[in-house]
Amino acid sequence: MITLYDHPLSPYAQKCKIALREKGQAFETQMPGGLGAGGAQGDFVRANPRAEVPALVHDGVEIFDSTIILEYIEDAWPTPALLPASPADRARVRMIEEVMDTHYEAINWGLSEIAWFGRAEGELRDTLLARATEQTNGFYAWLEAQLGDRPWFNGETFGWGDLSVVPYVNGSVGHGRPPAKGSKLSDWLARANARPSVAATTAEAGQAAAASVMPNVAELVKQGLFKREYRDHRLEWMIKSGGVQVVLDGLARGNIRFSPDFS
């Protein structure tokens, strides 16, 4: 039995679900309680002391961090291979994953902070949105260069590089920032979204988004009842994009948190 602690809107969890589906491995998902309110506990926190999704449990083995989970999936079920054959190409797609996880993710996360959680208004909001658009376009140019003339980021077949990109680009689409029509990246995205593994995962995210509309969530944030994780790259994005006041306000209200120290 494979259990994946999951939130359908998490791009990190989406990567793992796409990988499991590409491998043909059945799994069940569990969405932990207490996410966002600081109340996560029990088996989930034992599997991931950071209290973040995803975490994978397989035959008693507990694994956290989406990249380590992907590595476990590839080791446990090597066929079909998700990593390219050559060491150079393996390094290339792992670097793509690293960029998406630790640089690109922060942009969409920041947009969610503004759109859903009401972190910024007026001129500050406009500034952050403009910076996010500039950065997204910059990453689109970088991704096009990485794709080159390949049909997939992995090479000739869909794989690790592609599942590491598609959740994030779909997230940008959801924020109204799609790749330019007719671009290589736009054509790649259409191909990737047509794959059953990606389509099923994206459909789950869409259902979750539709079901989790919370008109008072911004007010809950102001009251300190809903906390958001400000980890490394996210904190960096908010500060460098002009949102220092967002961080200071969040600290004052007690509605942002940092990773636990395991103490």
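This report concerns the structure included in the present document. The numbering scheme is per chain: residues are counted from 1 as the chain's sequence reads. Since the coordinates come from a predicted model, pLDDT governs what is reported: local features require at least 70, and pairs of side-chain atoms require 80 or more to be given and counted, while whole-chain, interface and lining totals use all residues. Hydrogens and water are ignored here; the side-chain numbers use all heavy atoms of the structure.

1. Things to note about helix α9 (residues 196–211)
1) Next: Secondary structure elements follow DSSP: runs of H or I no shorter than four residues count as helices, runs of E no shorter than two count as strands, and numbering proceeds from the N terminus. In a helix, the anticipated span is given by 1.5 Å times the number of residues less one. Its 16 residues give α9 an end-to-end C-alpha distance of 22 Å, which sits within 8% of 22 Å, the value for a rise of 1.5 Å per residue.
2) Next: Buried residues of α9: S197, V198, T201, A205 and A208, and no others. All buried residues of α9 fall inside an arc of 95° around its axis, so they share one side. Seen from the open side of α9, the exposed residues pointing more than 90 degrees away from its buried face are P196, Q207, A210 and A211.
3) Next: When checking whether two residues touch, look at their non-hydrogen atoms; a contact exists if any pair is within 4.5 Å. Here the buried face of α9 lies against α1 (11–22), α7 (166–174) and α8 (184–194). When accessible area is computed with a 1.4 Å probe and restricted to protein chains, residues below 20% of their type maximum are described as buried, those above 50% as exposed, and intermediate ones as partly exposed. Summarising the geometry, the arc corresponds to the directions from the helix axis toward the C-beta atoms.

2. Side note on the sheet that holds strand β2 (residues 28–30)
The pairing of strands in a sheet happens through backbone hydrogen bonds and is either parallel or antiparallel.
1) Next: Only strands joined by at least two bridges in the DSSP assignment are considered to pair. Ordered by their spatial adjacency, four strands build an open sheet running β2-β1-β3-β4, and the pairing between neighbours is mixed. Looking at strand neighbours, the two that pair on one side only are β2 and β4 (61–64), the edges of this open sheet. The mean inter-strand angle of the sheet, taken between neighbouring strand axes irrespective of direction, is 20°.
2) Next: Examined bridge by bridge, strand β1 (residues 2–5) and β2 share three bridges and lie parallel to one another. Residue pairing for β2: T3 is matched across the bridge by E28.
3) Next: Relative to β1, α1 is tilted by about 160°, and along the sheet it contacts β1, β2 and β3 (55–58).
4) Next: Axes, fitted as lines to C-alpha atoms, cover a helix only where it is in contact. Angles between the N-to-C directions of the axes lie from 0 to 180 degrees. Relative to β4, helix α3 (residues 66–76) is tilted by about 135°, and along the sheet it contacts β3 and β4.

3. Section: the pattern of salt bridges
1) Next: Here, a salt bridge means any Lys or Arg side-chain nitrogen found within 4 Å of an Asp or Glu carboxyl oxygen. If you walk through the whole model with that rule in mind, you get 14 salt bridges.
2) Next: Across the pair K23 and E74 runs a salt bridge, and its minimum N-O distance is 2.7 Å. Pair noted here: K23 is in the loop between α1 and β2 and E74 is in helix α3, with a separation of 51 residues, a long-range link.
3) Next: The exposure class assigned to K23 is buried, which follows from its relative accessible area of 6%.
4) Next: Looking at E74, the relative accessible area reads 11%, which means it is buried.
5) Next: Between E105 and R234 there is a salt bridge, with the nearest N and O atoms lying 2.7 Å from each other. With E105 in helix α4 (residues 87–115) and R234 in helix α11 (residues 232–240), this residue pair connects regions lying 129 residues apart in the sequence.
6) Next: Among the residues examined, E105 registers a relative accessible area of 5% and is labelled buried.

4. Quick word on the pairing of β1
1) Next: Alternating positions in β1 separate into two faces, I2 and L4 on one and T3 and Y5 on the other, with burial throughout.
2) Next: Two elements, β1 and β3, share four bridges in a ladder whose sense is antiparallel. Within the sheet, the bridge partner assigned to T3 lies in β3 and is V57.
3) Next: For the segment spanning β1, α1 and β2, crossover handedness is right-handed. Whether a crossover is right-handed depends on one test, that the path from the first strand over the helix to the second runs clockwise when the strands point away from the viewer.

5. Quick word on a nonpolar patch on the surface
1) Next: Note on patches: the residues involved have over 30% relative accessible area and no salt bridge, like charges join within 9 Å, and the nonpolar side chains Val, Leu, Ile, Met, Phe, Trp and Tyr join within 5 Å. Surface accessibility follows the Shrake-Rupley procedure with a 1.4 Å probe radius. Residue values consider only the protein chains on display as shielding. Together, I239, V244, L248, L251 and F258 line one region of the surface with nonpolar side chains, adding up to about 420 Å² of accessible area.
2) Next: Ranked by residue count, the leading element in the nonpolar patch is helix α12 (residues 244–253), at three residues.

6. A short note on the pairing of β3
1) Next: Residues A55 and V57 line one face of β3 and the alternating positions L56 and H58 line the opposite face, and both faces are buried.
2) Next: As paired elements, β3 and β4 share four bridges and run antiparallel to each other. Counterpart to H58 in the pairing with β4 is V61.

7. Examining the side chain of R177
1) Next: Of note, R177 is situated in the loop between α7 and α8.
2) Next: Two residue types count as positive, namely Lys and Arg, and two as negative, namely Asp and Glu; His and chain ends fall outside the count. The buried charged residue R177 lacks any salt bridge, with D126 as its nearest oppositely charged partner at 9.2 Å.
3) Next: The term polar contact refers here to a pair of N or O atoms within 3.5 Å; inside protein, the definition further demands a hydrogen-donor-capable atom paired with an acceptor-capable atom, and it admits residues adjacent in sequence only when both atoms are side-chain atoms. Here T133 takes part through its side chain, which lies 2.9 Å from a polar atom of the side chain of R177.
4) Next: A distance of 2.8 Å separates a polar atom in the side chain of R177 from the backbone oxygen of H175.

8. Overview of unusual backbone geometry
1) Next: Of note, the bond from V53 into P54 is cis; its omega dihedral lies within 30 degrees of zero at 5°.
2) Next: In this fold, P54 is placed in the loop between α2 (43–47) and β3.
3) Next: Put simply, T79 and P80 share a cis peptide bond, and its omega is -5°.
4) Next: Tracing the chain through its elements places P80 in the loop between α3 and α4.
5) Next: A positive phi angle, near 50°, is found at D59, a position not held by glycine.
6) Next: Within the secondary structure layout, D59 lies in the loop between β3 and β4.
7) Next: The backbone of D65 sits at a positive phi, close to 80°, despite the residue not being glycine.

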